[in-house]
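Next come the chains, spelled out residue by residue.
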Amino acid sequence: MLAAKLIDNVWSTRKADSLNGLKFMLAEVIGGSDDGQRLIVTDNIGAGIGDRVIVCTGSAARRMLGNDDIPVDAAVVGIIDKGCNFG
């Protein structure tokens, strides 16, 4: 899992049918060896731009969405409380 900050929305007019209805966002990793790395995540818990979040990747992200066949590699699984301090 990674800590990240959501920095923008990602819009796609054309995508795989299995991705319809998913909200995509641009996230920037906070802390650790991947600090500053950006990735596209799917969010189905209602996080927004500026939120610090917990992101899972790989098969855990697909399980979060309830479908092991969906082509997603990163998903928001939690919103970090404001009291936490990273990097």
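The rules behind the values
Residues numbered from 1 in each chain as written. Predicted model: local features only at pLDDT ≥ 70, side-chain atom pairs only at ≥ 80, totals over all residues. Heavy atoms only, no water. Helix = DSSP H or I, 4+ residues; strand = E, 2+ residues; numbered from the N terminus. Buried < 20%, exposed > 50% of the residue type's maximum accessible area, 1.4 Å probe, protein only. Contact = heavy atoms within 4.5 Å. Areas by Shrake-Rupley, 256 points an atom, 1.4 Å probe, with all protein chains shown as cover. Patch = residues over 30% accessible without salt bridge, like charges linked within 9 Å, V, L, I, M, F, W, Y side chains within 5 Å. Salt bridge = Lys/Arg side-chain N within 4 Å of Asp/Glu carboxyl O. pLDDT = per-residue confidence, 0-100.

Draft legend 1. Focus on the overall build of the chain. Tallying secondary structure elements over the chain gives 1 helix and 5 strands in all. In sequence order, the chain lays out its α and β elements as β-β-β-β-α-β. Over its C-alpha atoms, taken along the principal directions, the chain stretches across nearly 40 × 25 × 20 Å. Each of the 87 residues in the chain was classed as buried or not, and the buried ones make up 34%. Looking at the chain alone, contacts between residues at least 24 apart form 50% of all its contacts between residues at least 6 apart. Total accessible area computed for the chain in this model is approximately 5300 Å², and 47% of it derives from carbon and sulfur atoms.

Draft legend 2. Highlighting a nonpolar patch on the surface. Taken together, the side chains of Met 1, Ile 54 and Val 77 present a nonpolar region at the surface, about 290 Å² in accessible area. Mapped onto the fold, Met 1 is located in the segment before strand S1 (2–10).

Draft legend 3. Structural context of the confidence of the model for the chain. Chain-level pLDDT for the chain is 91 on average; 94% of the residues reach the 70-or-more range. The secondary-structure element of the chain with the lowest mean pLDDT is helix H1 (residues 59–64), recorded at 90, while strand S2 (residues 23–29) shows the highest, at 97.

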